[in-house]
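Remarks on the overall topology
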Amino acid sequence: MSQIYSQLKEIEGVALNQEHGIEIIEIDNDFAKAVITTHGASVLSYAPHGQHELLWVSGEAVFDGSKPVRGGIPVCWPWFGQARDSSLPAHGFVRNMTWQLETVQTLDTGETRISLVCHSSEETLAIWPHKFSLMLTIEIGPTLILTLTTHNLSDQTLSITEAFHTYFNLAPEGLEIRGIEGSTHLNKLVEDSSAELQARPLVLTPPRDSVFLNQTGNVFLVDNDNKRQIKIAKRNASSSVVWNPGADIVKGFADIHNDAWTQFVCVESGNVLDNFITVLPNEQHVLSVQYSMLELA
Ligand SMILES: O=P(O)(O)OC[C@H]1O[C@H](O)[C@H](O)[C@@H](O)[C@@H]1O
């Protein structure tokens, strides 16, 4: 067992468990409780003490490592959406890799910082011929901060798309999404739809599969049912995606119950489609997102 696992035992409020064969890290610190899995480096749960759960995980999620866990915050990288080669997995391959736990620290503030890494291997080079190392740092405190650092270890410029595919635990119908005004909207549910200016906040009526390009400002989810507003602040990210399958499309997802589309909405933050990122040889690119919850009166 590597050193990090023996160090883990010494850190108060952090526990390591196995569930159905995948590794689960449980955090309970001064500010919040959280659950992370090394399978896909996905945060599966985050709840500041006394507040509602931020994230949704499907009751039908598969936890045996054969596919990404449906819910939480999967990491989509090095491509978002369908690959050019349809035999390759949608949303890239790192959400279905086992990441290594690199560091676990309690900060002076009482927050917990966890880093996980994954690297190129023979297996990844066979489907995406570029050497890389990827680090995800997760900070669990009064807010949840995720920072994804792409290191280009190849001698060619990398071109990537990426996103945190966050499943929020809230009712989608009528949800107001603010902050996307002024961005470029592409409706993925309409074939060959043309880009249009998003003039107003969005009031969600599922189904919805929309990309908002050139969207760099804060996004707010007005979750009246739970009397809270969720703020999504991002850095080095120019796109947001809003997805909920609605009552019909959901039937095509084996790991989402037919009724469960009413329990979540995905609002994804990253760089997708024309907002792709290039990373020079030996350079790095850092994508970051911070989730905070404000109570509504
Ligand atoms: O089933 P997955 O590969 O996890 O994708 C689930 C969804 O993710 C994104 O939000 C896409 O915009 C959708 O088109 C896709 O259906």
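These figures come from a predicted structure and were not determined experimentally.

Quick notes on the rules
- Residues numbered from 1 in each chain as written.
- Predicted model: local features only at pLDDT ≥ 70, side-chain atom pairs only at ≥ 80, totals over all residues.
- Heavy atoms only, no water.
- UniProt positions renumbered as here; feature names shortened; annotations may be inferred.
- Helix = DSSP H or I, 4+ residues; strand = E, 2+ residues; numbered from the N terminus.
- Buried < 20%, exposed > 50% of the residue type's maximum accessible area, 1.4 Å probe, protein only.
- Near = heavy atom within 4 Å.
- Polar contact = N/O pair within 3.5 Å; in protein donor to acceptor, adjacent residues only side chain to side chain.
- Areas by Shrake-Rupley, 256 points an atom, 1.4 Å probe, with all protein chains shown as cover.
- Pairing = 2+ DSSP bridges.

1. Re the UniProt feature "active site" (unreviewed entry) in the protein
- Under the present numbering, the feature "active site" (unreviewed entry) in UniProt falls on His165 and Glu268. In three dimensions, the annotated residues from a span of 104 residues occupy one location, with a maximal C-alpha spread of 4.6 Å.
- Looking at the element boundaries, His165 is found in the loop between strand 11 (162–164) and strand 12 (167–169).
- Since its relative accessible area comes to 5%, His165 is described here as buried.
- Structurally, the position occupied by Glu268 is in strand 21 (residues 264–271).
- Taking the relative accessible area as the measure of exposure, Glu268 reaches 1% and is therefore buried.

2. Side note on the site of the ligand
- In the vicinity of the ligand, the contacting residues are Arg70, His91, Arg95, His165, Lys188, Asp209, Val241, Trp243, Phe253 and Glu268.
- Between Arg95 and the ligand, the recorded distance is 2.9 Å, taken from a side-chain N or O atom to an oxygen atom.
- Asp209 places a side-chain nitrogen or oxygen 2.5 Å from an oxygen atom of the ligand.
- Contact with the protein chains hides 83% of the accessible area of the ligand, taken as 390 Å² for the molecule alone.

3. A word on the pairing of strand 4 (residues 42–48)
- Burial within strand 4 is extensive, with seven of its seven residues counted as buried.
- Adjacent in sequence and paired antiparallel, strand 3 (residues 32–37) and strand 4 are bridged by four residues, among which Gly40 carries a positive phi angle near 80°.

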